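Coordinates in review
These are the residues of each chain, in order.
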Amino acid sequence: DAEITQSPRHKITETGRQVTLACHQTWNHNNMFWYRQDLGHGLRLIHYSYGVQDTNKGEVSDGYSVSRSNTEDLPLTLESAASSQTSVYFCASSERRTGGNTEAFFGQGTRLTVV
Amino acid sequence: AQSVTQLDSQVPVFEEAPVELRCNYSSSVSVYLFWYVQYPNQGLQLLLKYLSGSTLVKGINGFEAEFNKSQTSFHLRKPSVHISDTAEYFCAVSESYNTDKLIFGTGTRLQVFP
């Protein structure tokens, strides 16, 4: 069965370190998204990609970067981790359809703690 | 720009009682609307979606939602809840053209008591 997997599931890192969260999907979806989930804020979009070599900023992109070198993977990098980036991170993918009528499939999440 | 408002952060209810989770959206263009559910320590999964056509949409696990364009609402309902419905519920919107990205509300925690 097709799936979307995130790794690691849990990560503790120190302030100032670079951290990369992995996201791998086997749906062959063109769209991939990174969200962060915080109490009282729901899910907020960090970055997204509509295909290989395409990346776009979401509403909370400062301090994060992504790259899309193939269809299956969209790693999220925190350039210099800050305590404000302690959160649960979700990756999602969906089929590209001009018109927005596409279901997103989510990974299990990565709980990141910055100390 | 679009936005989604879920006014109720928590909804406590007894088992077998009906429940309604409220969702209002704002957008200057036509939208597609979604409800997702998140069980503890899991990712989100789709409950139901409104794309076009009938304003009453039926989803999985006995949930349904009604799209009301004049009130810009998409409330989620279930006539009789179970303990297993305890979860976080998210309403989301995407524009009906130009983008596939979803904008989420802040979520409503449904707590079902025996």
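Going by the structure above, here's the rest.
Residues numbered from 1 in each chain as written. Chains lettered and ligands numbered in written order. Predicted model: local features only at pLDDT ≥ 70, side-chain atom pairs only at ≥ 80, totals over all residues. Heavy atoms only, no water.

**Concerning the state of the cysteines**
All names here are of chain A. Our working definition: The definition used for a disulfide is geometric: two cysteine sulfur atoms within 2.5 Å. Secondary structure elements follow DSSP: runs of H or I no shorter than four residues count as helices, runs of E no shorter than two count as strands, and numbering proceeds from the N terminus.
This structure, assessed with the given rule, holds 2 disulfides over all chains. One disulfide in the model links C23 with C91; its S-S distance is 1.9 Å. The sign of the S-S torsion, about -75°, decides the handedness of the disulfide formed by C23 and C91: left-handed. Of this pair, C23 sits in strand β3 (residues 19–25) while C91 sits in strand β9 (residues 87–94); the two residues are 68 residues apart in sequence, bridging distant segments of the chain.

**A word on the layout of surface pockets**
We apply this condition: Here a cavity means grid points, on a 1 Å grid over the protein atoms only, where a 1.4 Å probe fits yet cannot get out; a pocket means an open set of points with protein on both sides within 12 Å along at least five of seven lines; lining residues are those with an atom within 4 Å of a point. Grid points are joined across faces, edges and corners, and a volume is the space filled by probe spheres set on the points. The residue classification treats Ala, Val, Leu, Ile, Met, Phe, Trp, Tyr, Cys and Pro as nonpolar and Asp, Glu, Lys and Arg as charged. All others, Gly included, are polar.
As a volume, the largest pocket reaches approximately 600 Å³. Lining the largest pocket are 26 residues, with A:Q37, A:L39, A:R111, B:Q38 and B:E88 sitting closest to its centre. When residues of the lining of the largest pocket are traced back to their parent elements, those giving at least two are β4 (31–38), β9 and β11 (110–114) of chain A together with β10 (87–95) of chain B. When its residues are assigned to classes, the lining of the largest pocket shows 6 nonpolar, 15 polar and 5 charged.

**Comments concerning unusual backbone geometry**
Generally, phi is negative for residues other than glycine and the peptide bonds are trans, each holding for most cases. Applied cut-off: Think of it in three bands: with a 1.4 Å probe and only protein chains considered, a residue is buried below 20% of the maximum accessible area for its type, exposed above 50%, and partly exposed in between.
Between A:S7 and the following residue, A:P8, the backbone shows a cis peptide bond with an omega angle of -5°. Locating A:P8 in the fold gives a position in the loop between β1 (4–7) and β2 (10–13). Positioned with a positive phi, A:Q53 is a non-glycine residue whose angle comes to about 70°. Here A:Q53 is to be found in the loop between β5 (42–51) and β6 (54–57). With relative accessibility at 66%, the residue A:Q53 sits in the exposed group. Phi at B:N61 takes a positive value of approximately 60°, unusual for a residue other than glycine. Taking the relative accessible area as the measure of exposure, B:N61 reaches 40% and is therefore partly exposed.

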